[in-house]
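Each chain, letter by letter, is given below.
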Amino acid sequence: MFAVHLMAFYFSKLKEDQIKKVDRFLYHMRLSDDTLLDIMRRFRAEMEKGLAKDTNPTAAVKMLPTFVRAIPDGSENGEFLSLDLGGSKFRVLKVQVAEEGKRHVQMESQFYPTPNEIIRGNGTELFEYVADCLADFMKSKDLKHKKLPLGLTFSFPCRQTKLEEGVLLSWTKKFKARGVQDTDVVSRLTKAMRRHKDMDVDILALVNDTVGTMMTCAYDDPYCEVGVIIGTGTNACYMEDMSNIDLVEGDEGRMCINTEWGAFGDDGALEDIRTEFDRELDLGSLNPGKQMFEKMISGLYLGELVRLILLKMAKAGLLFGGEKSSALHTKGKIETRHVAAMEKYKEGLANTREILVDLGLEPSEADCIAVQHVCTIVSFRSANLCAAALAAILTRLRENKKVERLRTTVGVDGTLYKIHPQYPKRLHKVVRKLVPSCDVRFLLSESGSTKGAAMVTAVASRVQAQRKQIDKVLALFRLTREQLVDVQAKMRAELEYGLKKKSHGLATVRMLPTYVCGLPDGTEKGKFLALDLGGTNFRVLLVKIRSGRRSVRMYNKIFAIPLEIMQGTGEELFDHIVQCIADFLDYMGLKGASLPLGFTFSFPCRQMSIDKGTLIGWTKGFKATDCEGEDVVDMLREAIKRRNEFDLDIVAVVNDTVGTMMTCGYEDPNCEIGLIAGTGSNMCYMEDMRNIEMVEGDEGKMCINTEWGGFGDNGCIDDIRTRYDTEVDEGSLNPGKQRYEKMTSGMYLGEIVRQILIDLTKQGLLFRGQISERLRTRGIFETKFLSQIESDRLALLQVRTILQQLGLDSTCEDSIVVKEVCGAVSRRAAQLCGAGLAAVVEKRREDQGLEHLRITVGVDGTLYKLHPHFSRILQETVKELAPRCDVTFMLSEDGSGKGAALITAVAKRLQQAQKEN
Ligand code: BG6
Ligand code: BG6
Ligand code: GLC
Ligand code: GLC
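Residues numbered from 1 in each chain as written. Chains lettered and ligands numbered in written order. Predicted model: local features only at pLDDT ≥ 70, side-chain atom pairs only at ≥ 80, totals over all residues. Heavy atoms only, no water.

Naming follows an unreviewed UniProt entry, where the chain appears as hexokinase of Mandrillus leucophaeus. Within the UniProt record for the chain, the comment given under Sequence similarities (unreviewed entry) is "Belongs to the hexokinase family." (UniProt positions renumbered as here; feature names shortened; annotations may be inferred.)

What follows is the structure, given as structure tokens:
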């Protein structure tokens, strides 16, 4: 009995002495709580440095955006291939996610070796080897005939700009294949796979092993928002708020950040805690000077650290009686699995002896105890360091969420964590001590990181499928050159049709004579009133023209026309107009003055003279009753009479295209076309009288208001009209009419966009599938919003803000799609308009028998003026389709009121002359 006690005493004394000895020797490796808190603080600062745009380039901890934006929600499904390269084992897998609506993952896998000559040889050969293994796997699983998406777990630092791309920043751990750094590993592997003609694999996602691990664990525990690897290497990822990630556009939601914490200390930030053993180990590694933190922690290095320490202790005579074996001198002879075995609770000492003997040493009992304690100190330090960095991440998460207590789960994987008997316990304990305000659950990833990679791939493949659906819709708006040439030809035919007596009555492009026979010649003068009705704004103007100097002064006032007046009775409308005139005269101090008036009335009118115009039919947003078929000049006169306050001499009624042409023609006598691309779309041009069969006389020219908005009303462009155009038409005030206008003008483009958005939302491709009340509201997308959204200078966030102002709660992805939709719709509009214009200029060129035509187009309208791309695309199209015409576009700065006044001046002069005769 006594002997037993004595033995126990002896043993515990021996143990105590050995431990003391080792503790003294490795004093520097034992980190106090204060030191750990300090490291935690340092790591927090490193994270911030890596996240910020300015400091990222020099940051040691790279904080790489992964483009993984959400943890799995259970809706993932499909069959995927997966590669897992970079950990201790290389695996190829087939993953089946969610069978028959259940959360369920099935995996079949195969390990392949990664010999040093492959992972440290030529880069191209490495990828070819990987592709060969994949081919072999597919063959053995009979998958070669299938087209499968692939998720690549690639456990090295990669700079990603999208999910399916990653530029290798540097090799770490055991890999060092030549010519891979700074290249995109996805395209490298894709290229290598192309050698296998019978393989049809699409790499949809590149994920780091930390990300894969987090996703694997998150599939089972939705609280999981951190992934940690403590294996061959060490690293962590976590979900960061987008608003904190400078390197990626957008502020909404979160994105997983691969911290690459292994590089913590590469800038010297950990020099005070690194020991001589760390320095020696680093010098002998594949990547000296790199991965300082990793080299103090991970499985690839722990054994080696122990070996270096034992060697030094032996040399100092503190172990093995000063004896060293050649194995102890040899790099890599002690591995992490040895460290783990030596630290086993019960068999630890026996294992230690066995391992030391295997190393050719003759350890005493005391040596074994000491060596075991060396292992403990080294692996404890590893767990402590990991805990400090992890604690920093958890604190950041808690602060991001602005909560007092954080409940979260950390997904963990890696051989060191898995095989070391004490490691998890120690790590958990220290983390909880360092962040008492977090309730952390540690979840071991049982199935590696590929299950998570498959989740990411599943989402990516859903996104890809959705993208295809979106592209399909957008493709409807893409016109080929042939289609545009066809539109041009049809427009040309319609122009001719409308000019001919026998077909004029049925023509959809009405080709209305305007009785405007010449451009201003500079002799016009006088004071005129003008009305400008039918565009975005209703204006009353006073125009003073001075002859000789071609100078015009204008005063104008904008008046609102309430919707109920636009769509009320004709009498109400004209009374309202007269009321506005009265206000204006009052405002100008011209009460009672009787001035000649030019009436810009931007609707199709059949004219028999310059001062008579019978409204054929309302277009755009007007629908006042009892006006169609009536002379609008008469209606205005009667309204003036009804008011009985002043008299006006209505001299001319003018379409806005004509007014615009005249406004521009005053500056440029070559301006023989007027174009409006605004609320509505229309064009007028100077036609030879001999071609105008409806008007007597063959001499000179007359301006024709084409009213091309009605082009297509006979179905001739139905082949390019989409279901969205039909929808817009059916919901308009004039169904079946003005089909070309409805594809090209400001009043309708936003409506087309809205219809597309509704459809995409119904298909679940936008706004989370929720059609909001706002989206159901007709007219929410005005031209100005379309123009804003499409502005190149606008960041995505601003697009989102605009959409939010419109009451559409969009994500960043939604905003991208909305912008694309707007772009497709406005582009088609500009091209169609260009094709129409090309038809006219070509006609003019041919009619005059010219090889080349030089002509100016006077243009007005909010779409043309405000939209960032419309005018350019329109001009490009005209150039393309009418290459022999040199067309100058002249923006009408003063609106069509000026032109109307000029026309009035000429008409007045003619009136006068007639009277005098
Ligand atoms: C595996 C994962 O389980 O763990 C790999 O599937 C990961 O993706 C690896 O790289 C990390 O551990 P180790 O010890 O193999 O490097
Ligand atoms: C204005 C003209 O500048 O442009 C109007 O003065 C014309 O006559 C209008 O109708 C067309 O553009 P919008 O975009 O206002 O319809
Ligand atoms: C290395 C790699 C990192 C990986 C880790 C764990 O640190 O650089 O990308 O996550 O090892 O495998
Ligand atoms: C509508 C009108 C037309 C006008 C055009 C531009 O198409 O019918 O007369 O010129 O809009 O405002």
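Moving on from the coordinates now.
A.B. asks: Residue-level account of the overall build of the chain, with values.
C.D. replies: Per the secondary structure count, the chain includes 31 helices and 26 strands. Relative to its length of 917 residues, the chain is extended, with a C-alpha radius of gyration of 40 Å against a globular reference of 29 Å. Expressed as a percentage of its 917 residues, the buried residues of the chain come to 59%. Within the chain, residue pairs in contact and separated by at least 24 positions form 70% of the contacts whose partners lie at least 6 positions apart. One way to put it: in the chain the 126 positive side-chain charges average out to a point 4 Å from where the 128 negative ones average out. (Helix = DSSP H or I, 4+ residues; strand = E, 2+ residues; numbered from the N terminus. Rg over C-alpha atoms; globule rule 2.2 N^0.38 Å. Buried < 20%, exposed > 50% of the residue type's maximum accessible area, 1.4 Å probe, protein only. Contact = heavy atoms within 4.5 Å. Lys, Arg positive; Asp, Glu negative; His and termini not counted. Charge placed at Lys NZ, Arg CZ, Asp CG, Glu CD.)

A.B. asks: Would you mind going over the environment of Arg 854 in detail, with residue names and values included?
C.D. replies: In this structure, Arg 854 sits in strand β25 (residues 853-860). As a C-alpha pair, Arg 854 and Phe 156 span 698 residues in sequence and 63 Å in three-dimensional space. Apart from the residues lying within four places of it in its own chain, the contact partners of Arg 854 are Asn 670 and Asp 886.

A.B. asks: Tell me about the sheet that holds strand β18 (residues 596-601), and name the residues and values.
C.D. replies: Reading across the sheet, the 5 strands line up as β17-β16-β15-β18-β21 and stay open at both edges, with mixed pairing between neighbours. Bordering the open sheet on either side are β17 (551-559) and β21 (649-654), each of which pairs with just one other strand. Going across the sheet, the axis of each strand differs from the next one's by a mean of 20°, ignoring polarity. Summarising the sheet, strand β15 (residues 526-533) and strand β16 (residues 538-546) pair through 7 bridges and their orientation is antiparallel. Within β16, the residue paired with Lys 527 across the bridge is Lys 544. (Pairing = 2+ DSSP bridges. Axes fitted to C-alpha atoms, helices over the stretch in contact; angles between N-to-C directions.)

A.B. asks: Outline the sheet that holds strand β11 (residues 254-258), listing residues and values.
C.D. replies: Strand order in the open sheet formed by 6 strands is β1-β11-β10-β9-β12-β13, with mixed pairing between adjacent strands. Each having just a single partner strand, β1 (64-65) and β13 (438-444) make up the two edges of the open sheet. Sheet topology places β1 next to β11; 2 bridges connect them, and they run antiparallel. Note on β11: the bridge partner recorded for Leu 64 is Asn 258. Helix α6 (residues 209-220) rests against β9 (224-230), β10 (234-241), β11, β12 (406-413) and β13 of the sheet, and its axis sits at about 130° to β9.

A.B. asks: Outline the domain arrangement of the chain, listing residues and values.
C.D. replies: Segmentation of the chain into domains returns domain 1 (1-54 + 268-444) and domain 2 (64-223 + 447-467). Taking only C-alpha atoms into account, the centre of domain 1 sits 32 Å from that of domain 2. With 16 residues of domain 1 in contact, the opposing surface of domain 2 contributes 14 residues. Of all residues in domain 1, Leu 286, Leu 300 and Arg 407 give up the largest surface area on contact with domain 2, accounting jointly for 40% of the area buried on that side. One can count 1 salt bridge joining domain 1 with domain 2. Here Asp 221 makes a salt bridge to Arg 441, at a shortest N to O gap of 2.8 Å. (Domains from an automatic or database assignment. Buried area = accessible area lost by both parts, 1.4 Å probe. Salt bridge = Lys/Arg side-chain N within 4 Å of Asp/Glu carboxyl O.)

A.B. asks: Break down the site of ligand 4 for me, with residues and values.
C.D. replies: Taken together, 15 residues are adjacent to ligand 4, and Lys 620, Asn 655, Asp 656, Glu 707 and Glu 741 come closest. Within the side chain of Glu 707, one N or O atom sits 2.5 Å away from an oxygen atom of ligand 4. Contacts to ligand 4 include Gln 738, whose side-chain N or O atom sits 3.5 Å from an oxygen atom. For ligand 4, the protein covers 99% of the area, taking 300 Å² as the surface of the free molecule. (Near = heavy atom within 4 Å. Polar contact = N/O pair within 3.5 Å; in protein donor to acceptor, adjacent residues only side chain to side chain. Areas by Shrake-Rupley, 256 points an atom, 1.4 Å probe, with all protein chains shown as cover.)

A.B. asks: Report on the packing of aromatic side chains, specifying residues and quantitative values.
C.D. replies: Each aromatic ring pair is summarised here by two numbers: the centre-to-centre distance and the angle between the ring planes. For the coordinates displayed, the defined rule picks out 23 aromatic pairs. Taking the centre distance of 6.2 Å and the plane angle of 45° together, the rings of Phe 90 and Tyr 112 count as tilted. A residue pair is termed long-range when its members are at least 10 positions apart, and Phe 90 in strand β3 (residues 90-97) and Tyr 112 in strand β4 (residues 105-112) qualify at 22 residues. Assessed through its relative accessible area of 2%, Phe 90 is described here as buried. Considering the side-chain rings of Phe 711 and Tyr 740, the 5.2 Å spacing of their centres and the 75° angle between planes classify their relative orientation as edge-to-face. Placement of the pair is Phe 711 in the loop between β24 (701-705) and α23 (723-730) and Tyr 740 in helix α24 (residues 739-744), with a sequence separation of 29 residues. On the accessibility criterion, Phe 711 (0% relative accessible area) is buried. The ring of Phe 156 has Lys 173 sitting right over it, with the charged end atom 4.8 Å from the ring centre. Between Lys 620 and the ring centre of Phe 603, over which it is positioned, the NZ or CZ distance is 4.8 Å. (Phe/Tyr/Trp six-rings, centres within 6.5 Å; stacked < 30°, edge-to-face > 60°. Lys NZ or Arg CZ within 6 Å of the ring centre and 35° of its normal.)

A.B. asks: Please set out helix α4 (residues 123-140) residue by residue, giving values where relevant.
C.D. replies: Taking 1.5 Å per residue as the helical rise, α4 with its 18 residues ought to reach 26 Å, and the 26 Å between its terminal C-alpha atoms agrees with that figure. Along α4, the positions that sit buried rather than exposed are Gly 123, Leu 126, Phe 127, Tyr 129, Val 130, Ala 131, Cys 133, Leu 134, Ala 135, Phe 137 and Met 138. With a side-chain oxygen positioned 2.8 Å from the backbone nitrogen of Thr 124, the residue opening α4 is Asn 122. Phi for Asp 142, located one or two positions after α4, is positive at around 55°. (Expected span 1.5 Å × (residues − 1).)

A.B. asks: Break down the side chain of Lys 295 for me, with residues and values.
C.D. replies: Topologically, Lys 295 is positioned in helix α8 (residues 292-297). For Lys 295, a relative accessible area of 2% corresponds to the buried category. A polar contact of 3.0 Å, which involves the side chain of Lys 295, links it to the side chain of Ser 285.

A.B. asks: Give a detailed account of the pairing of strand β8 (residues 200-207), specifying residues and quantitative values.
C.D. replies: Counting buried residues in β8 gives 6 out of 8 residues, a clear majority hidden from the surface. Relative to β8, strand β5 (residues 147-154) runs parallel, the two sharing 7 bridges. In the strand pairing of β8, Thr 153 is matched with Val 207.

A.B. asks: Run through the site of ligand 2, naming residues and quoting values.
C.D. replies: Residues in contact with ligand 2 amount to 14 residues; listed here are only the nearest, Asp 532, Thr 679, Asp 860, Thr 862 and Ser 896. One of the side-chain N or O atoms of Thr 862 is found 2.4 Å from an oxygen atom in ligand 2. In the environment of ligand 2, an oxygen atom lies 2.4 Å from a nitrogen or oxygen atom belonging to the side chain of Ser 896. Burial of ligand 2 by the protein amounts to 94% of the accessible area it has alone, namely 380 Å². Of the residues that constitute the shell around ligand 2, the class distribution is 1 nonpolar, 10 polar and 3 charged. (Nonpolar A, V, L, I, M, F, W, Y, C, P; charged D, E, K, R; others polar.)

A.B. asks: Residues and numbers for the nonpolar core, please.
C.D. replies: Among the nonpolar cores identified, the biggest contains 114 residues, and Ile 230, Trp 261, Leu 394 and Leu 427 are the most heavily contacted of them. Counting residues per element, this core draws most heavily on helix α13 (residues 365-401), at 19 residues. Each of domain 1 (1-54 + 268-444) and domain 2 (64-223 + 447-467) contributes no fewer than three residues to this core. What Ile 230 contacts, discounting residues up to four positions off in sequence, is Ile 297, Cys 386, Val 412, Asp 413, Gly 414, Thr 415, Leu 416, Tyr 417, Tyr 423 and Leu 427. In this structure, Met 491, Leu 675, Ile 756 and Ile 780 belong to the second largest nonpolar core, which totals 85 residues. (Core = buried A, V, L, I, M, F, W, Y, C linked by side-chain atoms within 4.5 Å.)

A.B. asks: Describe the side chain of Glu 343, listing the residues and the values that go with them.
C.D. replies: In this fold, Glu 343 is placed in the loop between α11 (336-342) and α12 (348-358). Apart from residues no more than four positions distant in its own chain, Glu 343 is found in contact with Gln 372, Cys 375, Thr 376, Ser 379, His 420, Pro 421, Gln 422 and Arg 426.

A.B. asks: Give a detailed account of the packing of helix α26 (residues 783-790) against helix α28 (residues 812-847), specifying residues and quantitative values.
C.D. replies: Two numbers describe how α26 lies on α28: the axes approach to 9 Å, and their chain directions differ by 115°. By the angle between their directions, the pair α26 and α28 is classed as roughly perpendicular. The two elements α26 and α28 meet at a crossing, and its hand is left-handed. Between α26 and α28, the contacting residues are Leu 786, Ile 789 and Glu 790 on the first element and Val 818, Lys 819, Cys 822, Gly 823 and Ser 826 on the second. Of the residues belonging to the contact of α26 with α28, the class tally is 4 nonpolar, 2 polar and 2 charged. (Parallel < 35°, antiparallel > 145°, perpendicular 65-115°, else oblique. Left-handed = near helix turned anticlockwise from the far one by under 90°.)

A.B. asks: I'd love a proper account of the packing of α13 against helix α15 (residues 423-434), names of residues and values included.
C.D. replies: The interhelical angle for the contact between α13 and α15, taken along N-to-C directions, is 40°, at an axis separation of 8 Å. Comparing their axes, α15 and α13 come out oblique. Note on packing geometry: the crossing formed by α13 with α15 is right-handed. Taken together, the residues of α15 that come into contact with α13 (itself represented by Thr 376, Ser 379, Phe 380, Ser 382, Ala 383, Asn 384, Cys 386, Ala 387, Ala 388, Leu 390, Ala 391 and Leu 394) are Tyr 423, Arg 426, Leu 427, Val 430, Val 431 and Leu 434.

A.B. asks: Describe unusual backbone geometry, naming the residues involved and giving the relevant values.
C.D. replies: Outside of glycine, negative phi angles account for most residues, and trans bonds account for most peptide bonds. The phi dihedral of Asp 626 falls on the positive side, at around 60°, and the residue is not glycine. Mapped onto the fold, Asp 626 is located in the loop between β20 (612-615) and α21 (632-643). Residue class for Asp 626 comes out exposed when judged on its relative accessible area of 62%. Phi at Phe 767 takes a positive value of approximately 45°, unusual for a residue other than glycine. Relative accessible area serves as the criterion here: at 6%, Phe 767 is assigned to the buried category.

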